[in-house]
Amino acid sequence: MTDRTSKMTHPVLIFWIAAGWVGFCLLPWYMVDGGLWSFEWLLDGYPFDEDFAPAAFLIGQGEKFWLAPLLIALVLPLLVLKRPKSDPLYARILILSGALGFGWLIAQGFSIGIRGFNFHWLEAMFGELGDRQFGMGYGAMICASSFLFLLTLGIAARGAINGDVFVVSAIGGVITIVTAFVFFPIAKMLFAAFVTEDGAYSIAVFFSKFFDDRLWGLGCFQGARCGAAWNSLFLAILVGVITTVLGLCFALVVTRSGFRHKRALRALTVLPIITPPFVIGLALILLFGLSGSVTRFIAELLGTQPTRWLYGMPGILIAQTLAFTPIAFLVLIGVVEGVSPSMEEAAQTLRASRWQTFKTVSLPLMRPGLANAFLLGFIESMADFGNPLVLGGNFDVLSTEIFFAIVGAQYDQGRAAVLAMVLLFFTLSAFYAQRVWLGKKSYTTVTGKGDAGVHPLMPIGLSVPVLLIALGWALFTIVVYAMIIYGSVVELWGVDNSLTIKHYVTAFSVRFEEDSIRWTGAAWDSFWTTITIAAIAAPLTAAVGLVTAYLLTRQSFAGKNAFEFGTMLSFAIPGTVIGVSYILAFNVPPIEITGTGVILVVSFIFRNMPVGVRAGIASMSQLDRSLDESSLTLGANSWQTFRNVILPLLRPAILAALVYSFVRAMTAISAVIFLVSAEYDMATSYIIGRVENNDYGLAIAYSTTLIFVMLAAVGLLQLLVGRVQIGRRTQHGTEASR
């Protein structure tokens, strides 16, 4: 048995060795014209043309000699193919190979740029290079992945996390991509807070911007304007509390009431997140602005003068509550459904009333969902700039101040970076407060045992106000969306209200010819680009988010808190800062993706990943670890356990991650403004262009079309993902899926 084991090969190891050689010898090492989606290089001088050549061919032609040391790292793993994992040499060589290859890739990537050496000391040591480097292509990315996972294989072989290859590889992979696409660009942006006009670094510059009166002014306590920091904090707390309460009300109505129209209510709660935020702001202005229909009606009824009450904190609060309540609902619905009915039935068996059961059993078990819903609402409010831009008036918030610091006449990256630091401090403080509130209590409700109980209905004293709040807010949402649809079919919104469909014709006209269909509408290019980018980004976002949630809830490893902090960091930074930081970080080698579709996909993945993480954590905290242990005891490895046991029970979290990431990719504004290009124009940037040209009809028509497209996509995702099958009965006592 020992002899056979010593001669065994390792499939995972062989795969990554082969991937490394393929990347080095067969695929273009540098990014080709047209980006990752282009394959024209196959017919255009490949593999000898320098622009498309693999690394091996470049070295063979005497070019890019700095890639040659990678061959050593590729050869080393071949030495351990026949060795058992228990052999200490197996782990040492794989760690050496992975660290050498990955480290050299990073070193040469940052040392050599578009003008030769990036550092003066290298030029002084080796002389002028006389050559340049481009961004990573297929070959470099696959080779880098090979080295990374060879390194994690070696670390697992040394016994890290019980030698679990899947867990060690997942941790290594997530840490690498979060470092590359979150820490690195944001760090590059934040360093700008200490840069002087002549390019030197100075702490004094930072403090002069940090103690600016516009940031921390306390004039609001004396009847004047408050600083942007305090405005943002107060607004975010209000939005977090209100959206969590509303999200819980909707979740309770859908899961714990006899309300007949649950499906319609559930669909209605999703509407605001599939709408560009500024469209909601425009609808609110049409209703409650100085010349709004509701404002004029009330003014005439009471005989008073219309006011501009909407502009400022009230308007932003209403718009953000409309926009972010669905996030709270999507997080809470899975948690409310996940509470074990057997626990509630046990309380009632012990003669507890419905109210006592809800108060002492159900609600405490929902705390992870409540905490995560508040955190997401708080962070979303802090980072949002679309609604404050439309409705803010004189109410300054951090996100708009950052936006104007970047795109305004001042173009002060240092001020934007300081404001981003303050915003980050607030969001991380909320993150810490959430963890303290949850403590170390267990919220496990789903175990490996059968549970065919029935969720009790809400107590009457609770169901009436909850239903009234949910239906009242639903009615208000319907009115807002009726105004949006109305605005898309009038000649000129608020001026000429004669009905017309010309805006839809202009945007989405189609011409049928003999052999083809011509998409002649002005909006088709941006529409198809947006659909493609969102469809690519959504499943990747959900996958990264849920794997990260699994690692955070099911595994213990050094640096876990820093790991969790990294996953939330991009969500805490405004999209405007993300956009600018991505341009600064990825406009030059080694990752040169500015102007391509890749940068849009990457920004969406890491901007929206925290929702998948938080939804996954909230749902996984209810799954008993005995489920994992039973699977592992029966011989399954961690990957099989995650795929066959954990994932099927996480369908609400998967749906939340897919829906949120897809629709946010379709409706994102802030980062997109900076990252779109002529070739990759997104729907929201096109709509903003129409708004800037005062073409509101076309903008609203496009937005309305997006709403219906995304409603269909959400329904399709619900169908594909399905619901959790845990054998519970419905209120009527039949077997059903919940």
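These numbers were taken from a predicted model, which means no experiment stands behind them.

(A) Structural view of the environment of S581. Turning to its location among the elements, S581 is positioned in helix 26 (residues 575-586). A relative accessible area of 0% means that S581 is categorised as buried. The residues contacting S581, other than those within four sequence positions of it, are P185, I186 and M189.

(B) View of the environment of P610. The residue P610 is located in helix 27 (residues 597-620) in this model. Remark: the alpha-carbon pair of P610 and H503, spanning 107 residues in sequence, is separated by 37 Å.

(C) View of the side chain of S526. Within the secondary structure, S526 is located in helix 24 (residues 524-554). Judged by its relative accessible area of 3%, S526 is buried. Within the structure, the side chain of S526 is placed 3.1 Å from the backbone oxygen of A523, a separation counted as a polar contact. Sequence-distant contacts of S526, that is, excluding residues within four places in its chain, are made with D681, M682, A683, Y686 and Y702.

(D) Local environment of the packing of helix 20 (residues 398-407) against helix 21 (residues 413-438). The N-to-C vectors of helix 20 and helix 21 enclose an angle of 160 degrees; their axes lie 8 Å apart at closest approach. Taken together, the axis directions place helix 20 and helix 21 in an arrangement best described as roughly antiparallel. Judged by the sense of rotation from one axis to the other, the crossing of helix 20 with helix 21 is left-handed. Only R415, A416, L419, A420, V422, L423 and F426 of helix 21 make contact with helix 20, whose side of the interface consists of L398, E401, I402, A405 and I406.

(E) Region of interest: empty space enclosed by the protein. Across all of its chains, the model carries five cavities of 30 Å³ or more by this definition. What lines the largest cavity is a set of 25 residues, among which R607, R664, A668, I669 and S670 lie closest to the centre. Broken down by secondary-structure element, the contributors of at least two residues to the lining of the largest cavity are helix 15 (313-338), helix 18 (367-383), helix 27, helix 30 (651-667) and helix 31 (670-675). Partitioned by chemical class, the residues of the lining of the largest cavity number 14 nonpolar, seven polar and four charged.

(F) Summary view of the side chain of N372. Tracing the sequence through the fold places N372 in helix 18. Among the polar contacts made by the side chain of N372, one reaches the main-chain carbonyl oxygen of P368 at a distance of 2.7 Å.

(G) Layout of the confidence of the model for the chain. Here the chain averages 83 in pLDDT, and 91% of its residues register 70 or above. Long-range and interchain partners of residues 1-7, a stretch whose pLDDT sits below 50, account for five contacts in this model, where long-range means more than four residues apart. Here residues 726-738 is a poorly scored stretch, pLDDT under 50, and it has 41 contacts once near neighbours within four places are set aside; other chains count.

(H) Region of the structure containing helix 32 (residues 683-692). Across the 10 residues of helix 32, seven count as buried, placing the element largely inside the fold. Within helix 32, the full set of buried residues consists of A683, T684, S685, Y686, I687, I688 and G689.

(I) Expanded view of the pattern of salt bridges. On inspection of all chains with the given rule, the structure shows 10 salt bridges. D412 is the salt-bridge partner of K209, the closest N and O atoms lying 3.0 Å from each other. Within this pair, whereas K209 is found in helix 9 (residues 203-210), its partner D412 is found in the loop between helix 20 and helix 21, the two being separated by 203 residues in sequence. Across the pair E401 and R214 runs a salt bridge whose closest N-O atoms are separated by 2.9 Å. Taken together, the residues span a long stretch of sequence, with E401 in helix 20 and R214 in helix 10 (residues 213-216) at a distance of 187 residues. With a relative accessible area of 6%, E401 lands in the buried category. Taking relative accessible area as the criterion, R214 reaches 47% and is therefore assigned partly exposed. Residues joined in a network through salt bridges with shared partners are D212, R214, E401 and R415.

(J) Fine view of the packing of aromatic side chains. Summed over the entire model, instances satisfying the criterion amount to 42 aromatic pairs. Note on F181 and F606: the rings are 5.4 Å apart at their centroids and 25 degrees apart in plane angle, and the pair reads as stacked. Of this pair, F181 sits in helix 8 (residues 165-190) while F606 is found in helix 27, placing the two residues 425 residues apart along the sequence. For the pair F181 and F606, a shared accessibility class is recorded, and that class is buried. Here W519 and W528 contribute two aromatic rings whose centre-to-centre distance is 5.4 Å and whose plane-to-plane angle is 75 degrees, an arrangement assigned as edge-to-face. A connected cluster of aromatic rings, assembled from ring pairs, spans F194, F206, F207, F210, F211, W216, W230, F425 and F426. Over the ring of Y311 we find R308; its NZ or CZ atom is 4.5 Å from the centre of that ring.

The rules behind each value
- Residues numbered from 1 in each chain as written.
- Predicted model: local features only at pLDDT ≥ 70, side-chain atom pairs only at ≥ 80, totals over all residues.
- Heavy atoms only, no water.
- Helix = DSSP H or I, 4+ residues; strand = E, 2+ residues; numbered from the N terminus.
- Buried < 20%, exposed > 50% of the residue type's maximum accessible area, 1.4 Å probe, protein only.
- Contact = heavy atoms within 4.5 Å.
- Polar contact = N/O pair within 3.5 Å; in protein donor to acceptor, adjacent residues only side chain to side chain.
- Axes fitted to C-alpha atoms, helices over the stretch in contact; angles between N-to-C directions.
- Parallel < 35°, antiparallel > 145°, perpendicular 65-115°, else oblique.
- Left-handed = near helix turned anticlockwise from the far one by under 90°.
- 1 Å grid on protein atoms, 1.4 Å probe; cavity = no way out; pocket = protein on both sides within 12 Å on 5 of 7 lines; lining within 4 Å.
- Points joined across faces, edges and corners; volume = space filled by probe spheres on them.
- Nonpolar A, V, L, I, M, F, W, Y, C, P; charged D, E, K, R; others polar.
- pLDDT = per-residue confidence, 0-100.
- Salt bridge = Lys/Arg side-chain N within 4 Å of Asp/Glu carboxyl O.
- Phe/Tyr/Trp six-rings, centres within 6.5 Å; stacked < 30°, edge-to-face > 60°.
- Lys NZ or Arg CZ within 6 Å of the ring centre and 35° of its normal.

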